[in-house]
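# A closer look at the structure
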Amino acid sequence: MTLETDRWRFTVRGIVQGVGFRPFVYRLAIELGLTGWVNNTVQGVTIEVEGDRDRLVQFQTRLEQTPPPQARIETIAIQTQPLQHDPKFTIHTSPAAPGAALQITLLPDLATCDDCLRELNDPGDRRYRYPFLNCTNCGPRFSILRDLPYDRPNTTMRDFGLCADCQADYNDPLDRRFHAQPVACPVCGPQLSFWDRSGSVAAQGDAAMDAAIKRLQRGEILAVKGLGGFHLFADARNRETVATLRDRKHRPDKPFALMYPNVALIAQDCRLTEPEIELLTSAIAPIVLLEKRRDLEGRSLSIAPNVAPGVPDLGVMLPHSPLHHLLMQGFGFPVVATSANRSGEPLCIDGSQVWECLGDVVDAVLDHDRPIARPLDDSITRVIQVDHTNQSKRVQVLRHGRGYAPSTLMIPDPEGSQPSNSTANPPILAVGAHLKNAIALSDGQRLILSQYIGDLDTPATVERLRSTIDDLLRLYRIRPSAIACDAHPDYVSTRFAYQFTHQLTHSPIDPSSDSPRTTPIPVQHHYAHALACIAEHGLTAPTLAIAWDGTGYGLDGTIWGGEWLWIDRQDWQRVAHWRSFPLPGGDLAAREPRRSALGWLWSVFGEDLWNLADLANLPTIAAFTTAEKPLLKVAINRGLNTLQTSSVGRMFDAVASLLGLHQRCSFEGQGAIAVEALARSVLARSVGVVEPYAVTILDDDQTDHDRPMIVDSSELLRGIVRDCRDGVDRATIAARFQQTLVEAIALVTQRFEISQVVLTGGCFQNRALTELTIHHLEGEDFRNFRHSTDEPMRVHIHQRIPPNDGGLAIGQILAAWRSLAANAANLDD
């Protein structure tokens, strides 16, 4: 019997480089007796296999169903090729392809795998206690990548030649390090060094690690170089050391992140669920926000109280590199592990930066000589409970960094929120917002979100924005035809977009192509928030978006932040919002909750509020001096440096002031976090535990679709004032306030025949608010109350894309496409 022989070419796209995909393909082909070759390309991985057709089918099935654990296949294209009669199966050198469009997905850095961890602690292994061991299943990826394809010469490991033993591992198809690009050992790889305050090397190698551990034990503050940059490490048990770190870093209150040696020690300080343990121990190894234990039975937390004062959660991570494993094994207790940077500035990525920027902060530096290609902050995540049974949970990314970045999403279904013929969408660069900046790119087929960049308040961070744009445009070989930005004219990112637009005509990627748009595409802030969540879930129109945050430039010139937006196939509309109130001092109100409270009180009680007996004992009233009061009266009455806002974020700040929690804040969101912390001490896991305050809907004219409904907060504020006057417990007031917000969401939502809602914006970083809203809208009581549809309500929250401004750029791209499509349609008409 003669077997029919074929030759098939597979073009595989997705996360298929740096994850052991070629070795996997090699072993699979050898096992099935197939010949041919495999290599990396800018499209992904290309495979040609030749042999019996039945075995080719087996090859295809196993390729699709059993790829390497860290791989993620997005598409596989198969073509028949002429027979070549190769003598064997080989791994080819990756071809150079300058200028070619990149279609692979770049791989984030991966935490140390179990196999490497066993070798790290095995005295008989030649990589015993080597801080830089890795394999195809773990180790640095994006942080060392300089160019593509992902081969050693295109990484920061290019100057570390392989010793004979490592070369043998690299060449052995049966070895876990077969074609692992960062492979190294103590003989040929990077080395540790320990620097003291004199600026000289005090120890190297294993002695450097020992010196670092001893300094931590002595209560000193160390800068430690990791995968994506330096951390500041300090003994989290030592109150004096933590206070010193706060003083040196000028960070009086903001909670510090922590690194624990193991899960068992975390469990002593935090409540842990299985999904949280899985996230902590995953290849991503992010910071996870975990609830502090309250059932301590008389004992205190193992960490000092000034590590995370006044907050209900701890930001916790486990060691994610061999270096961190060795350090934490040697020290044995939790450490503060905060980013090594000046407040508002980018993360330091080499030792010289540390001494230059943080020389007055650190006592010593644990450094190494593997260069970092780009800074990557730790990702921050939390687990959201989405039903009453405690069985359904969703991971939510709050800061998009190491382990996640860069992220790739396929564009949504063209029958949903996208214009038709999505394959014709032009390439777009979106520059994000001013705070928590991250950029996004699209080649028309995918949405690519960058790593967290930061707040654009310093020249160094603006330069990091510029370098990140240059970096990703070069790596992905994308030449955008337009730039999308926030509609706020004074955002640094918006001004940057206008400055950067003209440079596109001189792009080295494809100078012969058509010129791009000469002006950026401005996108309303909350519209972008909504589209980012819609894009993540691939939702079809129409969708109702609840977009709540601290600030966003509104189309009417006021500051929005408490919005209900109706998103349909082609357009969007502001269908409801919280009643606006004045913000005396404008942007200063974001740092002084007393100003938000004053403006809200003014909108309800008028300018005589200073003299009203019901308000006389409010902490807000006492927070202003006699000299300030007449000036504020004039400012509000005349609209001098006073903005109007519908912001829920500012309402949270106002409640923080009214309850006497904070009148001034040292970090963003401090007031809102304090209110949430109090509310969570009262709220159970279901709606209806506390009585909400009253809210009413104004302008509820269902026939006037051009005028949004207004959610009046007057009775809500009167209720808070009344409870404060009557001495009601502050936690109860905070809980009633949050419950009222949920009731307001339901009150507006039930007026629309809609079965899907998205929760977006920074206010939905609030775990209690998010969970209560999901429980209420997806609950049976709300479904029975609506009567307008038999479809169950589905509430969508951000998961891979942050709900805050860190995910805004993704929505800006979708908005730009919709705008361009609408303009094209108008021209056709």
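These numbers were taken from a predicted model, which means no experiment stands behind them. (Residues numbered from 1 in each chain as written. Predicted model: local features only at pLDDT ≥ 70, side-chain atom pairs only at ≥ 80, totals over all residues. Heavy atoms only, no water.)

Sheet architecture is open: 6 strands sit in the order E17-E20-E19-E18-E21-E22, paired in mixed fashion. This sheet does not close on itself; its edge strands, each paired only once, are strand E17 (407-410) and strand E22 (521-523). Each strand axis lies, on average, 20 degrees off the axis of its neighbour in the sheet, ignoring direction. Pairing geometry for E17 and strand E20 (residues 446-449), over 4 bridges, is antiparallel. Considered in E20, the bridge of methionine 410 is made with arginine 446. Strands in contact with helix H12 (residues 492-501) are strand E18 (428-430) and strand E21 (482-486); relative to E21, the strand with the most contacts, it is inclined by about 165 degrees. (Pairing = 2+ DSSP bridges. Helix = DSSP H or I, 4+ residues; strand = E, 2+ residues; numbered from the N terminus. Axes fitted to C-alpha atoms, helices over the stretch in contact; angles between N-to-C directions. Contact = heavy atoms within 4.5 Å.)

Strand order in the open sheet made by the 11 strands is E7-E6-E14-E8-E9-E13-E10-E12-E11-E15-E16, with mixed pairing throughout. Of all strands in the sheet, those bounded by a partner on one side alone are strand E7 (201-204) and strand E16 (393-399). Bridging between strand E10 (residues 258-259) and strand E12 (residues 313-317) involves 2 bridges; their strand directions are parallel. Counterpart to methionine 259 in the pairing with E12 is methionine 317.

In terms of burial, strand E25 (residues 572-578) is largely enclosed, as 6 of its 7 residues are buried. Pairing of strand E24 (residues 559-567) with E25 involves 5 bridges; the strand directions are antiparallel. In the sheet register, leucine 565 faces E25, and the bridge partner there is arginine 574. Remark: 4 residues form the turn of the hairpin made by E24 and E25, two consecutive strands paired antiparallel. (Buried < 20%, exposed > 50% of the residue type's maximum accessible area, 1.4 Å probe, protein only.)

On to the environment of leucine 661. Mapping leucine 661 onto the fold places it in the loop between helix H17 (648-658) and helix H18 (670-680). Contacts of leucine 661, omitting those with residues within four sequence positions, involve Ala656, Ala674, Val675, Leu678 and Arg730.

On to the environment of tryptophan 8. Turning to its location among the elements, tryptophan 8 is positioned in strand E1 (residues 5-15). Assessed through its relative accessible area of 12%, tryptophan 8 is described here as buried. Put simply, tryptophan 8 and arginine 342 are 334 residues apart on the chain and 55 Å apart in space, counted from C-alpha to C-alpha. Filtering out sequence-adjacent residues up to four positions away, tryptophan 8 remains in contact with Ile47, Glu48, Val49, Arg53, Leu56, Val57, Gln60, Ile78, Gln79 and Thr80.

Right, let's talk about the pairing of strand E3 (residues 44-52) for a bit. Counting buried positions along E3 yields 9 of 9 residues, so the element is predominantly enclosed. For E1 and E3, the ladder comprises 8 bridges, and the chain directions are antiparallel. Paired with arginine 9 across the bridge in E3 is glutamate 48.

In this section: the confidence of the model for the protein. Within the protein, residue pLDDT values average 90, and 91% of them lie at 70 or more. Below a pLDDT of 50 lies the segment residues 414-423, which in the model reaches 34 contacts outside its immediate sequence neighbourhood of four places, other chains included. Contacts for the low-pLDDT stretch residues 508-513, under 50 throughout, to residues beyond four places or in other chains number 6 contacts. (pLDDT = per-residue confidence, 0-100.)

Relative orientation of the contacting elements helix H14 (residues 593-605) and helix H16 (residues 628-638) amounts to 60 degrees, with a least axis distance of 12 Å. By the angle class used here, H14 and H16 are oblique. Between H14 and H16 the crossing geometry is right-handed. Where H14 approaches H16, its residues Arg594, Arg595, Leu598 and Trp602 are matched on the opposing element by Glu628, Leu632, Lys633, Ile636 and Asn637. When the residues that make up the contact of H14 with H16 are grouped by side-chain class, the tally is 4 nonpolar, 1 polar and 4 charged. (Parallel < 35°, antiparallel > 145°, perpendicular 65-115°, else oblique. Left-handed = near helix turned anticlockwise from the far one by under 90°. Nonpolar A, V, L, I, M, F, W, Y, C, P; charged D, E, K, R; others polar.)

Once that is clear, we can look at H14. With 13 residues, H14 should reach 18 Å at 1.5 Å per residue; the first-to-last C-alpha distance of 18 Å fits that figure. Summarising burial for H14: 11 of the 13 residues are buried, a large majority. Within H14, the full set of buried residues consists of Pro593, Arg594, Arg595, Ser596, Ala597, Leu598, Gly599, Trp600, Leu601, Trp602 and Val604. Residues of H14 that are buried sit in contact with strand E26 (581-584), helix H15 (619-622), H16, H17, helix H19 (714-725) and helix H20 (730-749). A positive backbone phi angle near 80 degrees is found at glycine 606, which sits one or two residues after H14. (Expected span 1.5 Å × (residues − 1).)

Most often, soluble globular proteins have nonpolar side chains that are buried together. Formed by 77 residues in total, the largest nonpolar core has its most connected members in Trp548, Trp564, Trp578, Trp600 and Phe737. In this structure, Cys113, Leu148, Ala257 and Leu429 belong to the second largest nonpolar core, which totals 64 residues. (Core = buried A, V, L, I, M, F, W, Y, C linked by side-chain atoms within 4.5 Å.)

Turning our attention to the environment of methionine 651. For methionine 651, the position within the fold is in helix H17. Judged by relative accessible area, which is 1%, methionine 651 ranks as buried. A sequence separation of 73 residues divides methionine 651 from tryptophan 578, and the C-alpha atoms of the two residues are 9.9 Å apart.

With that settled, the discussion passes to the packing of H17 against H20. Two elements in contact, H17 and H20, have axes whose closest approach is 11 Å; the angle formed by their N-to-C orientations is 160 degrees. Here H17 is positioned roughly antiparallel relative to H20, judged by the angle of their axes. H17 and H20 meet at a crossing whose hand is right-handed. Counting all contacts with H17, which are made through Val648, Met651, Phe652 and Val655, the residues of H20 involved are Phe737, Gln738 and Leu741.

Counted under the stated rule, the structure contains 51 salt bridges. In this structure, the salt-bridge partner of glutamate 48 is arginine 9, at a minimum N-O distance of 2.5 Å. Taken together, the positions of glutamate 48 in strand E3 and arginine 9 in strand E1 put the pair 39 residues apart, joining distant regions of the chain. Accessibility expressed as a relative area gives 5% for glutamate 48, which makes it buried. Residues glutamate 592 and arginine 594 are paired through a salt bridge, measuring 2.9 Å at the closest nitrogen-oxygen approach. There is no split in this pair, since glutamate 592 and arginine 594 are both buried. Here the salt bridges do not stand alone but share partners, grouping Arg7, Arg9, Glu48, Glu50 and Asp86 into one network. (Salt bridge = Lys/Arg side-chain N within 4 Å of Asp/Glu carboxyl O.)

Here helix H21 (residues 767-777) lies mainly inside the structure; 11 of its 11 residues are buried. For H21, the N-terminal capping position is held by asparagine 766, with its side-chain oxygen 3.0 Å away from the main-chain nitrogen of alanine 768. (Polar contact = N/O pair within 3.5 Å; in protein donor to acceptor, adjacent residues only side chain to side chain.)

Glancing now at unusual backbone geometry. A cis amide bond links alanine 405 to the next residue, proline 406, at an omega of -5 degrees. Structurally, proline 406 is set in the loop between E16 and E17. Put simply, alanine 541 and proline 542 share a cis peptide bond, and its omega is 0 degrees. Checked against the element boundaries, proline 542 lands in the loop between helix H13 (525-537) and strand E23 (543-553). At histidine 179, a residue that is not glycine, the phi angle is positive and equals roughly 60 degrees. One can find histidine 179 in the loop between helix H4 (164-171) and strand E6 (192-196). Look at arginine 477: it is not a glycine, yet its phi comes out positive at around 55 degrees. You can see arginine 477 is positioned in the loop between helix H11 (459-476) and E21. Using a relative accessible area of 13% as the deciding quantity, one classes arginine 477 as buried.

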